[in-house]
Amino acid sequence: MIISPMPLRLSRLVRRWLTATLCAAALQSPAGAQNSPTAENATPAWTPVGWSGGGYYFSAAFHPTRDGVLFLGMDVAGVAKSTDHGKTFRVVNKGLVDYGMYSLAVDVKNPDIAYAGTEGGLHKSTDGGESWRFIPRTGKKDLHITSERNKSIRSVAPDPSDGNIVYAASPGGKIYKSTDGAATWRVVYQKGAEPADDFGGLRVQYGKVNGAYFGGVWLSFQPPAGATQPTGLGLRLKGDGTSPEQAYLSVRTRDGLIYRTRNIAELFADATPRDVVFAAQDFSLDPEVAKKSPEKAAAAPKQPDLAALVRMDLSRVSKPDEASVLQLGRLFFVAKGADGKTGQHVARDFDADKRAQTYGNIRLGNRQPDGGVAYSVVVSTKNPKLVLAGTDYAGLLLSEDKGETWRVLPTPPKALHAAFDPSNPDIIYGTFGADGVHKSVDRGATWTKIVNGMSAKFSAREIVVSPANPQELGVIGADGWNGGFYYSVDGGATWTRSAKIKADYVANPTLPKDGALANLSVPTNLTINPRNPKELYISANWRPAYSADGGRSWEERVAGADITVQTDIRFSGDRVYVSAMDEGTLMSEDQGKTWKALWPIKYDRELSGHNWRLAVTNINGVDRIIATSSPWDGKNTQQVIISEDGGKTFKVTTEGLPTYRITANTMWDRGYPRALAVDPLNPRIVYLGIDGDPTDGKQGGGIFKSTDGGYTWKQLPNQPGSRRVYYGLAIDPTNPRRIIWGASGKGGGVYVSEDGGDSWTHTLKQDAWIFNVHATADGELYVGGKDLWRSADQGKTWKKLTSLTGRSVVGIEVDPRDPKTIWISAVTWDGSSNGDVYKSTDGGATWTDFTGDLMHRKPQLLRFNPKTNELWSGQTMLHKLRQ
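The structure displayed is predicted, hence computed values, not measured ones. (Residues numbered from 1 in each chain as written. Predicted model: local features only at pLDDT ≥ 70, side-chain atom pairs only at ≥ 80, totals over all residues. Heavy atoms only, no water.)

A separate point is the side chain of Arg348. Here Arg348 is to be found in strand β23 (residues 342–349). Side-chain polar atoms of Arg348 contact the backbone oxygen of Arg355, separated by 2.6 Å. Look past the residues within four positions of Arg348 in its chain and what remains in contact with it is Leu219, Ser220, Gly329, Arg330, Leu331, Asp353 and Arg355. (Helix = DSSP H or I, 4+ residues; strand = E, 2+ residues; numbered from the N terminus. Polar contact = N/O pair within 3.5 Å; in protein donor to acceptor, adjacent residues only side chain to side chain. Contact = heavy atoms within 4.5 Å.)

Here you go:
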């Protein structure tokens, strides 16, 4: 059959892969933006005001020569630096092109040089981590010298004797080496490097290229001159010993008829070079021809005229992640020649001409190894000629000549990390996940499993050896979400568990009822201070931990390392309320100096998870709070939390809301209650937006209305043309019957209702990706999508105020005292640092770059507090700036 050529909890990261349509990389300012900031706003200085903890910290590294200096990597927020042993951190993201930070390393010989491995590639600092420079060609689409979630543990290692030599372990499975301080790289080891193959020809790899189940190679040809009365079409080929599900050879004649063979998957099974010839009777009319044109099929010959062939397709159908390879030497006809003798007449010699077309899950040319994963690379401080690499395909690899040659050690196949004894590099320790910890005393020749005292369910991740006493070891790992740290004082013969943390509920106010001693949750890196080996630090989910006594006791140290993904900011008097993914809703009474968790205050299956949107209404001096919520694990997928007393107590309601997980036409992996608006004249009337379409008789998302302050809900009987909503819901303060809805995708744009949601008019169609809606006090409307749009006539007509490329306007705020002052954020939907904040003081006619020193350049939230004259920004990291 011929087939014609043609995004902590996982949900924290879902915005990384929202849609390729929104992830273009162009960097342009809004139309009319000044080329340089005005003097007044030359360098806007933002103040961090968020709390810390509550997210995933994936990497950590003590400075090898500067006592007390510690780097901490965050999954969505870049890198933080401490100079006081982790007591306080500050974010140091200047120059980063990506915020997913999964590996950190510092050069021993050059203490100002540090390396930061992100999902976007490798970065280098030459000023002690104060700023960073992206190293060219290290991105995923190039050398793939990146650091990635669950694929990188210690992926960068400078040589301790020569800082010009740097090693890198790639998530793609390769080991790289640089001899010029990471400027250039070469591969020194990779999985499955093939020996030379004298067969030659065209190599065709089916599978393991993309997610398609099918793939094929095709080419046009003519029977060679002199080949008369052909009796067969032949291929010289060689398989690879695999057994795909299906494979077919299809041919097309000059009059457009298509014929194909039976399933010939056995071609792949034979790895010896051979000629395979197909006679006319080996083909039958393609079933698709009969389906599409029964009359044409009825009149067609049952077998093809081989002399009339003009094209062939060789296709495979199998699982996308299973690879099969055919090598094609030549295409030929079996026919009589001018001398009347039957022989081979070559139509294409693939040694001389490798041109061919492809479709589906296929790759042509020399082998590109599947790679597997290389998690870590480690260099011996005692003998820097010795280098270890941990992989998921060959276990531990050892080089004894600075990475030039390697040998596979007899270890379990999945090696996450390893460590040399600092005084005797013949002694090696390795962590092997569920296979535990192993030790070798003969430079890797033999190994002994050393898990005495460890839980049988413990999955070992990383190990350290004290440079002061090599008998003292520390290892981290986990059993599910339960983290573990074990220490040994006898070279690994026995182990003692220590996994309780003295929580810091000032720096990290989340889940305060967990108690003074919290549990360690999923550690990711373990680093030891070479200047004081009793000092250890663990990066981990929720609460990173510090020990001053070799791991016997732990305390949370994370102040200043804000990793929270905020979803809304609201003000009431002196109070600030913030909702967040994973962490619930918090409140500050001192403008962000300290924070208090309102809910949840301990892990609660029916409550713990994401809070999305807030509405705060002060009634007779008391704040009434509504928050929308999606628990991680609870039975309710959509719920509303209501407090009538400023957060002291609260109730959860689901009445009238969908009770199932909505997945059709959603912004992310599922529908979420991300849009909320309260009638400014009647706080009992509330509108709620959930993204997702109805399916199989289920109600889906869309707009829901409550007339009792949010306790019960009804889905509006008439919905806008698209329900794919992000933050796009607002009520016109000048006419609360006017509802504005912004949606995305098919049917996207802006919908306006003049009758409280009974009917809708699609008023903005030019921009089908609308993410936010803002209504000012005087009734002007602003919406953010691929650009910023304004309507001065209740949404009837719209004017575009920006000209962006590859970014989306999400954050929108207007100064309530001066409606000509507007702030917007322009962002991308990946993990990169591609984003900016802009300010206009003339109603959007001109714009000034207002990003300043924001350490996370792509806030999706902008809220102005007129009482304090401060602009707040949030989405990842919370900041404020006095105007």
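Okay, back to it.
One pass over the structure, following the stated rule, counts 37 salt bridges. One salt bridge connects Asp574 with Lys867, and the closest N-O pair in it is separated by 2.7 Å. Linking Asp574 in the loop between β44 (566–572) and β45 (575–580) with Lys867 in the loop between β68 (861–865) and β69 (870–874), this pair joins segments that are 293 residues apart in sequence. One network of salt bridges, with partners in common, ties together Glu400, Arg407, Asp426 and Arg443. (Salt bridge = Lys/Arg side-chain N within 4 Å of Asp/Glu carboxyl O.)

Counting buried positions along strand β54 (residues 702–706) gives four out of five residues, so the element sits mostly inside the fold. In terms of strand pairing, strand β53 (residues 686–690) meets β54 through five bridges, oriented antiparallel. Within β54, the residue paired with Ile690 across the bridge is Gly702. Pairing of β54 with strand β55 (residues 714–715) involves two bridges; the strand directions are antiparallel. Bridge pairing in β55 links Lys705 to Lys714. (Buried < 20%, exposed > 50% of the residue type's maximum accessible area, 1.4 Å probe, protein only. Pairing = 2+ DSSP bridges.)

Our focus in this paragraph is the sheet that holds strand β49 (residues 622–631). Spatial ordering of the open sheet is given by β48-β49-β50-β51, a layout of four strands whose pairing is antiparallel. Two strands in the sheet have a free side with no partner beyond their single neighbour: β48 (609–619) and β51 (651–653). The mean angle between the axes of side-by-side strands here comes to 20 degrees, regardless of whether they run parallel or antiparallel. Note that β49 and strand β50 (residues 639–643) share five bridges and pair antiparallel. Paired with Ile626 across the strands is Ile642, a residue of β50. (Axes fitted to C-alpha atoms, helices over the stretch in contact; angles between N-to-C directions.)

Residues apart from glycine generally show negative phi values, whereas peptide bonds are mostly found in trans. In this model, Trp599 is joined to Pro600 through a cis peptide bond whose omega is -15 degrees. Tracing the backbone shows Pro600 in the loop between β47 (596–599) and β48. Even without a glycine there, the phi angle at Asp582 is positive, about 70 degrees. With respect to the helices and strands, the residue Asp582 is situated in the loop between β45 and β46 (584–588). Judged by relative accessible area, Asp582 falls into the buried class, the value being 2%.

In this section: the pairing of strand β60 (residues 772–775). Burial along β60 is two-sided: the residues Asn772 and His774 and Val773 and Ala775 are all buried. Taken together, the four bridges between β60 and strand β61 (residues 781–784) define a ladder with antiparallel strand orientation. Bridging from a neighbouring strand, Val773 pairs with Val783 of β61. The turn linking β60 back onto β61 is made up of five residues, and Gly779 within it adopts a positive phi angle of 95 degrees.

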